[in-house]
Amino acid sequence: MNDTFRAEELKALRDGVKWSKAGPGVIPAWVADMDFPVAPVIRESLQRRIVTDLGYPTWDEHSAPPPLIDAFTERMETRYGWRPEPGMARSFTDLNQALQVILHLVTEPGDKVALHTPAYNAFVASLTEMNRPILPIPALSDGDGWRFELPDLSGCRVLLLVNPHNPTGRVLTREELTELAEAAERHDLLVISDEIHADLVYAPHRHIPFATILPERTITLTSASKAFNLGGVRCSVAHFGHAPTRKAVWSMPRFLYGEANLFGVEATIAAWRHGDAWLEEIMALLDRNRRMIAEALPEGVGYRLPQATYLAWLDFGRPGTAERLEREAGVLLSGGEHFGPGGETFARLNFATSRPILEEVLRRIRDHA
C-alpha cells in the first residue's frame, strides 16, 4: 500500500468533493472519504463489468434476493455471527436516503428521535429538515474515552443508533446495547441502526449488530462505502426486522425509491467478498495514524483515541476553530457545530491519508491551535 503520497499529488489527481472544496494551499481533512486508492479487486470487478455488459442486470429486487443481498447476508454471518433474513432486505442509494424514506413512512413531523450526540452531521440535517426534533443522548468524557448518558425516552418515536459512533469513534458494548434495547421495548421505539463503520473497528473492540439483540424492532443500515472508500458509487442495504415498517416500504410503488446501480452492486459485492486483505492493510495504517494524532497534538486540544472509524474528534475549547484553521493554517476540518448538541467547540479530522499528509496537517494545527 502506497503511504508516501503528498497533498500536491492528490490535488492534481482528485476531482471529488473532498479535494475540490479545498482552496489553494489548503489540505482537506473533512468529509469521510479516504485518500487511499480503491482496492485492486474492486477496480478489476468494475473493469470486467465495463467490457462485458452494461445492460439491464439479471437480478430483480422484487423477486428472488439479488446478488447484493446475498453478499450482505454472507458478510453479516461470517464477520458478525448474524444471519439476516434475505427477504427482509433491500437496496438504497445511500443511508441518508434510507433514513429519510423510513422516517417519511412511519413518523410524522414533530415526532421526537433519540440520537447520541454529537451526531453524524447529515443525520442531524435530515432530522432538522424533516421536523423530527432530536432528543439528545449526550456523550460525556470518561477518562480516556466517552460514555453516553441515557435520558428518559418518553415521548420518542424512534431511536436512531449510530454504532460505531460518528464522530467520537465509540464502539458500544453489549451491556450498553442491551440497555438501549430495554429502553426501546419500554418506550415502544423503532430502532434505526446505522452500522456503516462496523468494518472499521480496532481490536480489542468488537462490533455487535443491534439486530442480534432486538431483531423485531430493528432496521439495520449499512454499506461498503466507508470501509472500502466507495462513497460515490451510491449503494447501501437496509434490513427491515421491524415488520410494520417493512410492510410500509414494500407497499410503495416498486420504482419510487429507486435501487442501487449496476456499478454500486458490483463494487460492493467485490468489497464484501474479496476485499478483506486490502482492508487489513488499511486498518494497520489507520491504527498508526490515530496514534500519531495523540502524540502530535498540542497541549490543550482534547482527543480521545477512537475505537473505530478514521475520524478524530478534537476539542479546541472554543467555537469556530475549524473555520479559523482553514483560514489561518490551510487545513480544512469539519466544524463541530454541524454535529448537533455538544459539538460546538469541536472539529472532526479525517485521518485516512498518508503519513506525509497527516504529518503536515498536524504540524499546521500545532502552529495555529
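The coordinates are above.
Presented here is a report on the structure given in the accompanying data block. (Residues numbered from 1 in each chain as written. Predicted model: local features only at pLDDT ≥ 70, side-chain atom pairs only at ≥ 80, totals over all residues. Heavy atoms only, no water.)

1. Some words on the overall build of the protein chain
- Within the protein chain one finds 12 helices and 14 strands.
- Projected onto its principal axes, the C-alpha coordinates of the protein chain cover approximately 55 × 55 × 35 Å.
- Residue burial in the protein chain is summarised as follows: out of 369 residues, 56% are buried.
- Partitioning the contacts of the protein chain with sequence separation of at least 6, the portion at a separation of at least 24 is 74%.
- As displayed, the protein chain offers around 15,700 Å² of accessible surface, 51% of which is attributable to carbon and sulfur atoms.
- On the protein chain, the mean spot of the 39 positive side-chain charges and the mean spot of the 49 negative ones are 2 Å from each other. (Helix = DSSP H or I, 4+ residues; strand = E, 2+ residues; numbered from the N terminus. Buried < 20%, exposed > 50% of the residue type's maximum accessible area, 1.4 Å probe, protein only. Contact = heavy atoms within 4.5 Å. Areas by Shrake-Rupley, 256 points an atom, 1.4 Å probe, with all protein chains shown as cover. Lys, Arg positive; Asp, Glu negative; His and termini not counted. Charge placed at Lys NZ, Arg CZ, Asp CG, Glu CD.)

2. Some details on a negative patch on the surface
- Together, Glu323, Glu326, Glu337 and Glu344 make up a region of like negative charge exposed at the surface.
- Considering the arrangement of structural elements, one finds Glu337 in the loop between β13 (334-335) and β14 (346-350).
- With a relative accessible area of 42%, Glu337 lands in the partly exposed category. (Patch = residues over 30% accessible without salt bridge, like charges linked within 9 Å, V, L, I, M, F, W, Y side chains within 5 Å. Salt bridge = Lys/Arg side-chain N within 4 Å of Asp/Glu carboxyl O.)

3. A few points about the pattern of salt bridges
- Summed over all chains, the structure comprises 22 salt bridges.
- Here Arg75 and Asp276 are joined by a salt bridge, their closest N and O atoms 2.9 Å apart. Within this pair, whereas Arg75 is found in helix α4 (residues 67-80), its partner Asp276 is found in helix α10 (residues 276-296), the two being separated by 201 residues in sequence.
- Taking the relative accessible area as the measure of exposure, Asp276 reaches 27% and is therefore partly exposed.
- When the shortest N-O distance is used, the salt bridge between Arg291 and Asp287 registers 3.1 Å.

4. Observations regarding the pairing of strand β2 (residues 89-92)
- Alternating residues of β2 divide into Ala89 and Ser91 and Arg90 and Phe92, and every residue in both groups is buried.
- Both β2 and strand β9 (residues 236-240) contribute to a ladder of 4 bridges, which runs antiparallel. Within β9, the residue paired with Phe92 across the bridge is Ser236. (Pairing = 2+ DSSP bridges.)

5. Describing the layout of surface pockets
- Taken as a whole, the largest pocket holds about 800 Å³ of empty space.
- Surrounding the largest pocket, 37 residues form its lining, Val31, Ala32, Tyr120, Asn121 and Arg348 being those nearest its centre.
- Listed by contribution, the elements that provide at least two residues to the lining of the largest pocket are α5 (95-106), α6 (121-129), α11 (321-328) and β13.
- Considering each element in turn, the lining of the largest pocket owes the most residues, 3 residues, to α11. (1 Å grid on protein atoms, 1.4 Å probe; cavity = no way out; pocket = protein on both sides within 12 Å on 5 of 7 lines; lining within 4 Å. Points joined across faces, edges and corners; volume = space filled by probe spheres on them.)

6. Re α6
- The complete set of buried residues in α6 reads Phe123, Val124, Ser126 and Leu127. For α6, the buried positions fall inside an angular range of 160° around the axis, keeping them on one side. The exposed set on the far side of α6, more than 90 degrees from its buried face, consists of Thr128 and Glu129.
- Looking at the buried residues of α6, the elements they touch are α5, β3 (112-117), β4 (134-142), β6 (156-162) and β7 (190-194). (Arc of directions from axis to C-beta.)

7. With respect to the environment of Pro341
- As for its position among the elements, Pro341 is in the loop between β13 and β14.
- In contact with Pro341, not counting residues within four places along its chain, are Thr117, Pro118 and Pro136.

8. Description of the packing of aromatic side chains
- Across all of its chains, the model carries 10 aromatic pairs by this definition.
- Note on Trp146 and Phe346: the rings are 6.1 Å apart at their centroids and 55° apart in plane angle, and the pair reads as tilted. Of this pair, Trp146 sits in strand β5 (residues 145-148) while Phe346 sits in strand β14, and the two are 200 residues apart along the sequence.
- Its relative accessible area of 10% is what places Trp146 among the buried residues.
- Ring geometry for Phe240 and Trp250: centres 5.4 Å apart, planes at 85°, overall edge-to-face. On the criterion of sequence distance, the pair formed by Phe240 in strand β9 and Trp250 in helix α8 (residues 243-250) is long-range, its members being 10 residues apart.
- With a relative accessible area of 0%, Phe240 lands in the buried category.
- The exposure class assigned to Trp250 is partly exposed, which follows from its relative accessible area of 40%. (Phe/Tyr/Trp six-rings, centres within 6.5 Å; stacked < 30°, edge-to-face > 60°.)

9. With respect to the sheet that holds strand β11 (residues 311-315)
- Ordered in space as β10-β11-β14-β13, the 4 strands form an open sheet in which the pairing is antiparallel. Of all strands in the sheet, those with a lone pairing partner are β10 (302-303) and β13, marking the two edges.
- The sheet contact formed by β11 and β14 spans 5 bridges and is antiparallel. Paired with Leu311 across the bridge in β14 is Asn350.

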